[in-house]
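Survey of secondary and tertiary structure
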Amino acid sequence: MYDIFEILSRAAGYGFMQKALICGIFTAISSSILGVFLVLRQLSMIGHGLSHVSFATIAFALVLGVNPLALSIPLVILASLVILYLSEKAYVYTDSAIGLIGSVSVAIGVIIVSTGNGLNVDIYSYLFGSILAISPFETGLSVSLSAAVVAAVLLLKNEWFAISFDREYAKSCGINIFFNDVVFFILQSVVIVTGVKIIGALLMSSLIVFPALASLQIAHRFRSMILFSALISVISVVSGIVLAFLINAPAGATIVCINAAFFLAAFLFNKVMRIK
């Protein structure tokens, strides 16, 4: 036990661990808060679809030799707006639009990786996460964008709450549905891209959905739902980073497993309370 505490105290002094924890905490808060609205609006799969888009855009950025996050953010935002357009104007169901864009993006990403020389090692860190190798630029970008996402969500939470439960009622109250949808999809894109380096493109949707689903099992009010989701996400990310360091495991996969454990515990707790 003493050896573990000694290892952790030593690890806390490492710069890469400090950057990982700071970046992870901010991303956990922004993704979990946004995840509540995604779950309520039954749009959980959009995180999965945009994660696939980020895979293709990151592969494209690596081929061009530019910073992957700087290029991915505008391209993933564009893809999210295409999904919104298809679902609103082209008579395509949202889940179908997500599947369409996501599958095409994966195909493009695979072609880029297979034809690009020396991309396999670089793309692996973005597919499955490499939080302990985050650069100072990526840390600053992630923290600033996550803070902006949280601020925007807090500013628009009342409108989004109304839209999540009854779009027609929200429209009758004078809420601009289209504007709020555009902002919502853009923020979702930003969260996806900033979290890719932390948990990986293939696992990022789990960081968004799991905390929200767990909070729905134990929270009975909207504010409590958001608070529980953020708390579960932060605990999962911090404990996942620490545990991954101790057992030399991938941080992204470890975080997802802890998130899944939280959901299972919350689900069982909800069942037990209902029986009583």
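Residues numbered from 1 in each chain as written. Predicted model: local features only at pLDDT ≥ 70, side-chain atom pairs only at ≥ 80, totals over all residues. Heavy atoms only, no water.

Comments concerning the overall build of the protein chain
The number of helices and strands found in the protein chain is twelve helices and zero strands. In the protein chain, the succession of helices and strands from N to C terminus is α-α-α-α-α-α-α-α-α-α-α-α. A burial count over the protein chain gives 49% of its 276 residues as buried. For the protein chain, restricting intrachain contacts to residue pairs at least 6 apart in sequence, the fraction spanning at least 24 positions comes to 75%. (Helix = DSSP H or I, 4+ residues; strand = E, 2+ residues; numbered from the N terminus. Buried < 20%, exposed > 50% of the residue type's maximum accessible area, 1.4 Å probe, protein only. Contact = heavy atoms within 4.5 Å.)

Describing helix α4 (residues 68-89)
Note that an α-helix has 3.6 residues per turn; residues three or four places apart therefore point the same way. The end-to-end C-alpha distance of α4 is 31 Å, a good match for the 32 Å that 22 residues give at a rise of 1.5 Å each. Those residues of α4 that sit buried are Pro-68, Leu-69, Ser-72, Ile-73, Val-76, Ile-77, Ala-79, Ser-80, Ile-83, Leu-84, Leu-86 and Ser-87. Of the residues one or two after α4, Tyr-91 is the one with positive phi, at around 55°. (Expected span 1.5 Å × (residues − 1).)

Some thoughts on the packing of helix α3 (residues 45-64) against helix α9 (residues 177-199)
With their axes 9 Å apart at the nearest point, α3 and α9 run at an angle of 55° to one another. One finds that α3 runs oblique with respect to α9. Helix-helix and strand crossings are classified by hand; for α3 and α9 the assignment is right-handed. For the pair formed by α3 and α9, the contact residues are Ile-46, Gly-47, Leu-50, Ser-51, Ser-54 and Ile-58 on the first element and Phe-185, Gln-188, Ser-189, Ile-192 and Val-196 on the second. (Axes fitted to C-alpha atoms, helices over the stretch in contact; angles between N-to-C directions. Parallel < 35°, antiparallel > 145°, perpendicular 65-115°, else oblique. Left-handed = near helix turned anticlockwise from the far one by under 90°.)

A word on the side chain of Ser-31
Examined against the element boundaries, Ser-31 turns out to sit in helix α2 (residues 15-40). For Ser-31, the side chain forms a polar contact with the main-chain oxygen of Thr-27, separated by 2.8 Å. Leave out the neighbours within four places in its chain, and Ser-31 touches Val-191, Met-204, Leu-207, Ile-208 and Ser-233. (Polar contact = N/O pair within 3.5 Å; in protein donor to acceptor, adjacent residues only side chain to side chain.)

A closer look at the pattern of salt bridges
For the structure on display, the rule yields one salt bridge. Arg-41 is paired through a salt bridge with Asp-181; the nearest N and O atoms lie 2.6 Å apart. In this pair, Arg-41 is assigned in the loop between α2 and α3 and Asp-181 in helix α9, connecting sequence segments 140 residues apart. (Salt bridge = Lys/Arg side-chain N within 4 Å of Asp/Glu carboxyl O.)

A short note on the nonpolar core
Among the nonpolar cores identified, the biggest contains 56 residues, and Val-153, Trp-160, Phe-184 and Leu-187 are the most heavily contacted of them. Every residue in contact with Phe-184, bar those within four places of it in the chain, is listed here: Leu-34, Phe-37, Leu-38, Arg-41, Leu-43 and Trp-160. One finds Phe-55, Ile-58, Tyr-126 and Leu-127 within the second-largest nonpolar core, a separate group that totals nine residues. (Core = buried A, V, L, I, M, F, W, Y, C linked by side-chain atoms within 4.5 Å.)

Let's talk about the environment of Ala-249
The topology assignment puts Ala-249 in the loop between α11 (222-247) and α12 (251-275). When sequence neighbours within four positions are dropped, the list of residues in contact with Ala-249 reads Ala-244 and Thr-254.

Section: the confidence of the model for the protein chain
Any region with low pLDDT has predicted coordinates that should not be read closely. The pLDDT averaged across the protein chain works out to 80; a share of 87% of its residues lies at or above 70. Put simply, helix α1 (residues 2-11) is where the protein chain has its lowest mean pLDDT, 58, and α11 is where it has its highest, 86. (pLDDT = per-residue confidence, 0-100.)

Re the environment of Ile-258
Tracing the backbone shows Ile-258 in helix α12. Along the backbone, Ile-258 and Ser-233 are 25 residues apart, and their C-alpha atoms lie at a distance of 9.4 Å. Beyond its immediate stretch of four places on either side in the chain, Ile-258 contacts Ser-236, Ser-239, Gly-240 and Leu-243.

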